[in-house]
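# Examination of the molecular architecture
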Amino acid sequence: MTDATTTARVDAWLWAVRVYKTRSAATTACRAGHVRVNGDRAKAAQPVRPGDELRVRIQGFDRILVVKKTIAKRVGAALVAEAVDDRTPPPPPRESMPFVPVRDRGAGRPTKRDRREIEKLRGRDLD
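Because the structure is predicted, anything quoted here is derived from the model rather than measured.

On to the overall build of the protein chain. A count of helices and strands for the protein chain gives five helices and seven strands. Ordered by position from the N terminus, the helices and strands of the protein chain form the series α-β-α-α-β-β-β-β-β-α-β-α. For the protein chain, the share of sequence-separated contacts (at least 6 apart) that also reach a separation of at least 24 residues comes to 44%. Counting only carbon and sulfur atoms, one obtains 52% of the accessible surface of the protein chain, whose full area is about 9,500 Å².

Formed by 24 residues in total, the largest nonpolar core has its most connected members in Val10, Trp13, Leu14, Val35 and Leu54. Of all the secondary-structure elements, those providing two or more residues to this core are helix H2 (10-16), helix H3 (23-32), strand S2 (35-37), strand S5 (53-58), strand S6 (61-67) and helix H4 (77-83). At four residues, the largest contribution of residues to this core is made by H2. Among all residues touching valine 10, those that are not within four sequence positions of it are Cys30, Val35, Val37, Ala42, Lys43, Ala44, Gln46, Val48 and Leu54.

Here the focus is the sheet that holds strand S3 (residues 40-41). Two strands in a sheet stick together by hydrogen bonds in their backbones, pointing the same way (parallel) or opposite ways (antiparallel). Read across the open sheet, the five strands follow the order S3-S2-S5-S6-S7; overall the sheet is antiparallel. At either margin of the open sheet sits one strand with a lone partner, and together these are S3 and strand S7 (84-86). Bridge analysis of S6 against S7 gives three bridges, and the strand direction is antiparallel. Bridge pairing in S7 links valine 67 to valine 84.

With that settled, the discussion passes to the side chain of threonine 27. Inspection of the secondary structure assignment puts threonine 27 in helix H3. Setting aside residues up to four positions removed in sequence, threonine 27 forms contacts with Asp11 and Ala44.

Turning next to the pairing of S5. Here S2 runs beside S5; their pairing, made up of three bridges, is antiparallel. Among the inter-strand pairings, valine 37 is bridged to a residue of S5, identified as leucine 54. Here S5 pairs with S6 via six bridges, running antiparallel. In the sheet register, leucine 54 faces S6, and the bridge partner there is leucine 65. Counting the residues in the hairpin turn of S5 and S6 gives two residues, including glutamine 59, whose phi is positive at 55°.

All of the buried residues along H3 are Ala26, Thr27, Ala29 and Cys30. Seen end-on, H3 carries its buried residues on one side only, within an arc spanning 160°. Note on H3: the residue one or two positions beyond its end, glycine 33, has a positive phi of about 85°.

It is worth spelling out helix H5 (residues 112-122) at this point. Counting buried residues in H5 gives zero out of eleven residues, a small share hidden from the surface. Of the residues flanking the end of H5, it is glycine 123, one or two places downstream, whose phi is positive at about 85°.

With that settled, consider unusual backbone geometry. The phi angle at arginine 18 is positive, at roughly 65°, despite the residue not being glycine. Mapped onto the elements, arginine 18 comes out in the loop between H2 and H3. Positioned with a positive phi, glutamine 59 is a non-glycine residue whose angle comes to about 55°. Its relative accessible area of 76% is what places glutamine 59 among the exposed residues.

Criteria and thresholds
- Residues numbered from 1 in each chain as written.
- Predicted model: local features only at pLDDT ≥ 70, side-chain atom pairs only at ≥ 80, totals over all residues.
- Heavy atoms only, no water.
- Helix = DSSP H or I, 4+ residues; strand = E, 2+ residues; numbered from the N terminus.
- Contact = heavy atoms within 4.5 Å.
- Areas by Shrake-Rupley, 256 points an atom, 1.4 Å probe, with all protein chains shown as cover.
- Core = buried A, V, L, I, M, F, W, Y, C linked by side-chain atoms within 4.5 Å.
- Buried < 20%, exposed > 50% of the residue type's maximum accessible area, 1.4 Å probe, protein only.
- Pairing = 2+ DSSP bridges.
- Arc of directions from axis to C-beta.

Right, dumping it as structure tokens:
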């Protein structure tokens with residue numbers, strides 16, 4: 001086996017296993033520091049090998065992926081399952097996540113009554 005078949009660029013691998021929709025999105029995530037290979041920040045051209053652990057931050061949560069097989073081109077979903085071991089813990093239940101009130105855009109400043117309701121939701125009720 002040659003070295004070219006046992007390694008792949010981290011951005012190409014993330015795109016090939018469908019973590020990111022485009023390869024440029026994977027490259028941008030690497031540049032932003034959202035991708036770590038074996039605990040270290042990864043550049044887009046860093047090679048990954050079978051057994052490497054990748055931590056990818058997507059939408060505020062980390063996905064933990066282990067490379068089982070290196071691929072550089074996008075393949076079908078059945079082959080993706082053979083190439084990656086997803087060790088991401090399940091997300092926390094919705095009840096434990098705090099509720100964030102959102103005002104409609106263009107609604108203007110909150111009235112005194114709105115402000116009091118917001119404070120009550122936040123648990124800062126002064127009454």
